[in-house]
Amino acid sequence: AGLVVAIDGPSGSGKSTVARRVAAALALRYLDTGAMYRAVTWWLLEQGIDLRDTELAGRLAPEIPLHMGLDPDEPTVRVGETDVAAAIRESRISTAVSLVATNLAARADLVARQKAIAADGDVVIEGRDITTVVAPDAAVRVLLTASEETRLARRAQELYGNVDATALDATRDQVARRDADDSTVARFQEAAEGVDVVDSSRMTLDETVSAVLELVEK
Ligand code: CDP
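As the structure is a prediction and not an experimental result, all values here were calculated from the model.

Enquirer: I'd like a rundown of the nonpolar core, residues and numbers included.
Expert: If you look at the biggest cluster of nonpolar residues, it comprises 41 residues, and the most contacted ones within it are L31, W42, L44, L66, M68, V77 and V79. At eight residues, the largest contribution of residues to this core is made by helix 2 (residues 33–46). Excluding residues that lie within four positions of it along the chain, L31 makes contacts with M36, M68, L70, Q114, I117, V123, V124, I125 and E126. Membership of the second largest hydrophobic core comes to 19 residues, among which are V18, A23, V198 and L213.

Enquirer: Go over the site of the ligand, please, and point to the residues and values.
Expert: Near the ligand there are 17 residues, and of these S11, R38, R107, D129 and D182 occur at the shortest range. A distance of 2.8 Å is found between an oxygen atom of the ligand and a side-chain nitrogen or oxygen belonging to S11. Burial of the ligand by the surrounding chains reaches 98%, relative to a free accessible area of 520 Å². Considering each element in turn, the shell around the ligand owes the most residues, four residues, to helix 2. Classifying every residue of the shell around the ligand by side-chain character gives four nonpolar, four polar and nine charged.

Enquirer: Tell me about the environment of T102, and please be specific about residues and values.
Expert: Note on placement: T102 falls in the loop between helix 4 (91–101) and helix 5 (104–120). Taking the C-alpha atoms as reference points, T102 and D182, 80 residues apart in sequence, are found 8.2 Å from one another.

Enquirer: Any details on the side chain of T208? Residues and values, ideally.
Expert: When you line up the elements, T208 lands in helix 9 (residues 205–217). Look at T208 and you get buried, because its relative accessible area is 3%. With residues up to four places along the chain from it excluded, the contact list for T208 reads V18, L144, V198, S200 and M203.

Enquirer: Describe in detail helix 4, supporting the description with residues and values.
Expert: Every buried residue of helix 4 is listed here: I93, S94, A96, V97, S98, V100 and A101. Elements in contact with the buried residues of helix 4: helix 2, helix 5 and helix 8 (165–182).

Enquirer: Please give an account of the pairing of strand 6 (residues 123–127) that cites residues and values.
Expert: Most of strand 6 sits inside the fold, with five of its five residues counted as buried. The pairing of strand 1 (residues 4–8) with strand 6 spans five bridges and is parallel. Considered in strand 6, the bridge of D8 is made with G127. Of the pairings in the sheet, the one linking strand 2 (residues 29–32) to strand 6 comprises four bridges and is parallel in character. Each residue of the ladder has a partner; that of D32, found in strand 6, is E126.

Enquirer: Residue-level account of the sheet that holds strand 2, with values.
Expert: Across the sheet, five strands lie side by side as 2-6-1-7-8; this open sheet has parallel pairing. Edge positions in the sheet fall to strand 2 and strand 8 (196–199), since each of these pairs with one other strand and no more. Pairs of neighbouring strands in the sheet enclose a mean axial angle of 20°, with direction left out of account. Sheet analysis places strand 1 next to strand 7 (residues 140–145), joined by four bridges and oriented parallel.

Enquirer: Explain the environment of G127 residue by residue, including any values.
Expert: Positionally, G127 belongs in strand 6. Note on G127: relative accessible area 4%, which makes it buried. G127 sits 120 residues away from I7 along the chain, and the two C-alpha atoms are 6.5 Å apart. Contacts of G127, omitting those with residues within four sequence positions, involve I7, D8, G9, K15 and T33.

Enquirer: Account for the pattern of salt bridges, naming residues and giving values.
Expert: Considering all chains together, one arrives at eleven salt bridges under this definition. Between R155 and E158 there is a salt bridge, and its shortest N-O distance comes to 3.1 Å. Linking R155 with E158, this pair stays in helix 7 (residues 148–160), spanning three residues, or about one helical turn. Residue classification places E158 among the exposed residues on the basis of a relative accessible area of 56%.

Cut-off values and rules
Residues numbered from 1 in each chain as written. Predicted model: local features only at pLDDT ≥ 70, side-chain atom pairs only at ≥ 80, totals over all residues. Heavy atoms only, no water. Core = buried A, V, L, I, M, F, W, Y, C linked by side-chain atoms within 4.5 Å. Buried < 20%, exposed > 50% of the residue type's maximum accessible area, 1.4 Å probe, protein only. Helix = DSSP H or I, 4+ residues; strand = E, 2+ residues; numbered from the N terminus. Contact = heavy atoms within 4.5 Å. Near = heavy atom within 4 Å. Polar contact = N/O pair within 3.5 Å; in protein donor to acceptor, adjacent residues only side chain to side chain. Areas by Shrake-Rupley, 256 points an atom, 1.4 Å probe, with all protein chains shown as cover. Nonpolar A, V, L, I, M, F, W, Y, C, P; charged D, E, K, R; others polar. Pairing = 2+ DSSP bridges. Axes fitted to C-alpha atoms, helices over the stretch in contact; angles between N-to-C directions. Salt bridge = Lys/Arg side-chain N within 4 Å of Asp/Glu carboxyl O.

What follows is the structure, encoded as structure tokens:
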């Protein structure tokens, strides 16, 4: 099988942008696994399912007609015929997604779908558990980190278009809560065995992409 590049990192580490750019540079496919958790969340809410009903949500998750478009220049997310790329970024989804991410049956189903894509190779996959669970045998495994300060500023810029005190305050709660929720899925204090750490706190986007590309060439 072809090359697999696995990239993990916390919220605001810049992993989505970096992973897309790396995939485009190497003419590989690109898979955003966070978008898959978001799409399942969107779909279950659309059906009026109470996500706290773990048993029901876990039973329904495997039935979602999820279609991921893997072109890094134009990644798409469809559920059935519906383009959900914009809808899955809404804050109501960001708030609810942890309930799907911590649902073991839903996770097992999404991990299986992700492993099938990894098995075909020629792909950059990004998420929280890619270097450890989805593609532990990937040729290149990267943990992309950034200081809490940096991650906060990047998120504020993304959500509010600026990094003034109001934007930072509004972002701080969201980032802290999601980090706490995500800590059951992955801890990023240290990388797993054989995983290279790239700390992007003091790097531009271009520098971060170059650092990952260097690991691929190594
Ligand atoms: O918005 P952000 O880039 O931080 O997150 P995302 O990559 O869109 O992922 C959304 C949520 O999905 C995360 O907060 C995790 O709870 C969950 N997730 C996961 O559990 N495992 C993955 N491989 C990817 C995402």
